[in-house]
Amino acid sequence: MRSHVIPNGFWRSGRNKSLLVFVTIAVGSILTACDKPAQQPAASAPPVTVAQPTKRTVTDWDEFTGRFEAIQQVQIRARVTGFVTGIEFKDGAFVKTGDLLYVIDPRQYEATLEQARGQLADAKAKVELAERELARAEQLIKTQAVAETIVDQRRQQLESAQASVLQAEGALRRADLDVEFTKIKSPIDGRVSRHLVTVGNLVQGSESGATLLTSIVSLDPIHVYFDMDESIYLKNNRLWFEGRRPSSRDTPNPVQIILSGETKPSREGTMDFLDNRLDVGTGTLRGRALVPNQDLSILPGQFARVRVIGSAPYEALLLPDTAIASDQSRKIVFVVKADDTVEAKPVTLGPLDGGLRVIREGLAPDDRVIVEGLQRARIGAKVAPHAPKPAGGGKS
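Here the structure is a predicted model, which is why all the values come from computation and not from measurement.

Trainee: Please explain the overall build of the protein chain as it appears in this structure.
Mentor: Scanning the protein chain for helices and strands turns up four helices and 23 strands. A burial count over the protein chain gives 32% of its 396 residues as buried. When the accessible surface of the protein chain is split by element, carbon and sulfur atoms take 52% of a total near 24,900 Å².

Spelled out as structure tokens, the structure:
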């Protein structure tokens, strides 16, 4: 501090002495005030939003990645050889069973059909002649006019003529089929692909190298295939033995479908197949579900998320995911005790159900859980809890 020099004549009067005492007291008070630290105002408890866990009946669902496949897939190939004279469908259109798709020049097969009809008529005429000759021989042998060998020959001629009729009838049916095969029709209801052969081209109808013309896939209903790992199969098998979940092998368990770009299931189906062995390469079991597709919007080859029922209904406590924090490998929630101090509780999580997370263990129904303001909460510190605002924005 800066020193002050008092003049020699300053002490001569009593008034000056009184002034010196006052100055000394004032300076001492100022110095004492400078030595004391400034007092801070007491900090208020931070506000947080608390809510009790929701209690309701839920069902667990196992989720997989699946791919849609058509129930029926048909490759349309030529069954007779000839030149294509007509294409009667629009590429990518939906066709019905029996709709005409292709026309192959039928003239050579119609000629063969007429020839077969003539051969059949000739064979039938020979049968009639052989029958009359046999009947005549049988009358003559009664009077010993002809030998028995003649009768045997006439009987053999009749049987040969009857066999010729059978051969002619077979040739006629084959020729009739060839004419029918010149008009290629759809064998199923479904969506047709593009035409692979244009008008004027020669197509082969041989069994080993028949020309591929197009393909058709059925769309409604449609199958979705997915693979489940061994642990889920064992869990579901255990639930079946305990009587808490029916087996998908003999029960059409419900299935939910989440298409690409969706956040919640938009379609439902039923299980209709489980494979008889696990894939040794991937350790997974192939499953299949049947899904209605009335609007024909799902196409074979499309991906989806498949949710299969994984438990019987049970009572559970649920919280929003925003109320759950991570502590290294544990999941915890912050609970406000009766004295408004914060406590951390480790919890075991389950699946999502209706936008909320199932809490399997670690939480009581009457716990006040912090759902908003987790960043302001400190374990052991006091908070100012309040209930969440109503959805309409009014005061709670």
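Trainee: Whenever I open this one, the packing of helix α2 (residues 107-140) against helix α3 (residues 148-181) confuses me. Can you help?
Mentor: Packed helices, taken two at a time, are described by the angle between their axes plus the distance between the axes. Across the interface, α2 lies against α3 with an axial gap of 8 Å and an inter-helix angle of 165°. In this view, α2 runs roughly antiparallel relative to α3, as classed from their interaxial angle. The two elements α2 and α3 meet at a crossing, and its hand is left-handed. Here the residues of the contact of α2 with α3 are counted per class, giving 18 nonpolar, five polar and 12 charged.

Trainee: I keep staring at the side chain of lysine 345 and nothing clicks. Help me out?
Mentor: Along the chain, lysine 345 falls in strand β20 (residues 342-353). Side chain to side chain, lysine 345 and aspartate 367 meet in a polar contact 2.9 Å long. Sequence-distant contacts of lysine 345, defined by excluding residues within four places in its chain, comprise Lys331, Ile332, Val333, Val335, Gly362 and Asp367.

Trainee: So what exactly am I meant to see when it comes to the sheet that holds strand β6 (residues 94-95) here?
Mentor: Backbone-to-backbone hydrogen bonds pair the strands of a sheet. The strands run either parallel or antiparallel. Taken in spatial order, the four strands of this open sheet run β4-β11-β9-β6, and their pairing is antiparallel. Single-partner strands in this sheet number two, and they are β4 (73-77) and β6. The pairing of strand β9 (residues 190-192) with strand β11 (residues 212-217) spans two bridges and is classified as antiparallel. The residue of β11 that forms the bridge with valine 192 is isoleucine 216.

Trainee: Mind showing me how you'd approach the environment of aspartate 229 here?
Mentor: With respect to the helices and strands, the residue aspartate 229 is situated in strand β12 (residues 222-229). Note: C-alpha distance between aspartate 229 and threonine 282 (53 residues apart in sequence) is 8.3 Å. If we skip the residues at most four places from it in the chain, aspartate 229 touches Gly283 and Thr284. Within polar-contact distance, the side chain of aspartate 229 engages the side chain of serine 231 at 2.7 Å. One polar contact links the side chain of aspartate 229 to the main-chain amide nitrogen of isoleucine 232, over a distance of 3.0 Å.

Trainee: Just checking my understanding: could you explain the packing of aromatic side chains for this structure?
Mentor: Aromatic ring pairs are described here by two measures, namely the spacing of the ring centres and the angle between the planes. Scanning the model with the defined rule gives three aromatic pairs in all. Ring geometry for phenylalanine 64 and phenylalanine 226: centres 5.1 Å apart, planes at 15°, overall stacked. Residue phenylalanine 64 is found in strand β3 (residues 61-69), and its partner phenylalanine 226 is found in strand β12; the two are separated by 162 residues along the sequence. Using a relative accessible area of 6% as the deciding quantity, one classes phenylalanine 64 as buried. Consider the rings of tryptophan 240 and phenylalanine 241, whose centres lie 4.9 Å apart with planes at 55°: the pair is tilted. Take phenylalanine 241: its relative accessible area is 63%, and that puts it in the exposed class. When the ring centre of phenylalanine 181 is taken as origin, the NZ or CZ atom of arginine 79, which lies over that ring, is 3.9 Å away.

Trainee: Quick question: what am I supposed to make of the confidence of the model for the protein chain here?
Mentor: Caution applies to low-pLDDT parts of the model: their predicted coordinates are not meant to be read in detail. Per-residue confidence for the protein chain averages 82 on the pLDDT scale, and 86% of its residues sit at or above 70. Contacts from residues 1-42, a stretch scored under 50 in pLDDT, to residues over four places away or in other chains number eight contacts.

Trainee: Sorry if this is basic, but what is going on with the nonpolar core here?
Mentor: Across soluble globular proteins, you tend to see nonpolar side chains buried next to one another. The biggest cluster of nonpolar side chains holds 34 residues, and the ones touching the most others in it are Leu101, Tyr102, Val203, Leu213 and Ile216. When residues of this core are traced back to their parent elements, those giving at least two are β7 (100-104), α2, α3 and β11. If you look at the next biggest cluster of nonpolar residues, it comprises 19 residues, including Phe226, Met228, Ile232 and Val291.

Trainee: Mind showing me how you'd approach the pairing of strand β16 (residues 303-309) here?
Mentor: Looking along a regular strand, one sees side chains alternate from face to face of the sheet. In terms of burial, β16 is a largely internal element, five of the seven residues being buried. Alignment of β3 against β16, held across seven bridges, turns out to be antiparallel. If you follow glycine 66 over to β16, its bridge partner there is alanine 304. Two elements, strand β13 (residues 254-259) and β16, share five bridges in a ladder whose sense is antiparallel. Following the sheet pairing, leucine 259 is matched in β16 by alanine 304.

Trainee: Before we go on, may I ask you to explain α2 in this structure?
Mentor: A turn of α-helix holds 3.6 residues, and therefore any two residues three or four places apart point the same way. With 34 residues, α2 extends 50 Å between its outermost C-alpha atoms, agreeing within 8% with the 50 Å of an ideal straight helix rising 1.5 Å per residue. When we look at burial in α2, the residues that qualify are Tyr109, Leu113, Ala116, Leu120, Ala123, Val127, Ala130, Leu134 and Ala137. As for α2, its buried residues are in contact with α3.

Trainee: Any chance you could explain the sheet that holds strand β8 (residues 183-185) here in plain terms?
Mentor: Pairing in this open sheet of four strands is antiparallel, and the strands run β8-β7-β5-β10 from one edge to the other. Pairing within the sheet leaves two strands with one partner each, and these edge strands are β8 and β10 (202-203). Where strand β5 (residues 82-87) meets β7, three bridges bridge the pair, whose relative direction is antiparallel. Bridge pairing in β7 links glycine 86 to valine 103.

Trainee: Looking at this structure, I do not really get the pattern of salt bridges. What am I missing?
Mentor: Throughout the structure, instances matching the rule amount to 16 salt bridges. One salt bridge in this structure joins glutamate 63 and arginine 305, with 3.0 Å as the shortest N-O distance. Here arginine 305 lies in strand β16 and glutamate 63 lies in strand β3, a separation of 242 residues in the sequence. Two residues, arginine 307 and glutamate 63, come together in a salt bridge whose shortest N-O distance is 3.9 Å. Of this pair, arginine 307 sits in strand β16 while glutamate 63 sits in strand β3, and the two are 244 residues apart along the sequence. For arginine 307, a relative accessible area of 13% corresponds to the buried category. Several salt bridges share partner residues, and in doing so they unite Glu63, Arg305 and Arg307 into one network.

Thresholds applied
Residues numbered from 1 in each chain as written. Predicted model: local features only at pLDDT ≥ 70, side-chain atom pairs only at ≥ 80, totals over all residues. Heavy atoms only, no water. Helix = DSSP H or I, 4+ residues; strand = E, 2+ residues; numbered from the N terminus. Buried < 20%, exposed > 50% of the residue type's maximum accessible area, 1.4 Å probe, protein only. Areas by Shrake-Rupley, 256 points an atom, 1.4 Å probe, with all protein chains shown as cover. Axes fitted to C-alpha atoms, helices over the stretch in contact; angles between N-to-C directions. Parallel < 35°, antiparallel > 145°, perpendicular 65-115°, else oblique. Left-handed = near helix turned anticlockwise from the far one by under 90°. Nonpolar A, V, L, I, M, F, W, Y, C, P; charged D, E, K, R; others polar. Polar contact = N/O pair within 3.5 Å; in protein donor to acceptor, adjacent residues only side chain to side chain. Contact = heavy atoms within 4.5 Å. Pairing = 2+ DSSP bridges. Phe/Tyr/Trp six-rings, centres within 6.5 Å; stacked < 30°, edge-to-face > 60°. Lys NZ or Arg CZ within 6 Å of the ring centre and 35° of its normal. pLDDT = per-residue confidence, 0-100. Core = buried A, V, L, I, M, F, W, Y, C linked by side-chain atoms within 4.5 Å. Expected span 1.5 Å × (residues − 1). Salt bridge = Lys/Arg side-chain N within 4 Å of Asp/Glu carboxyl O.

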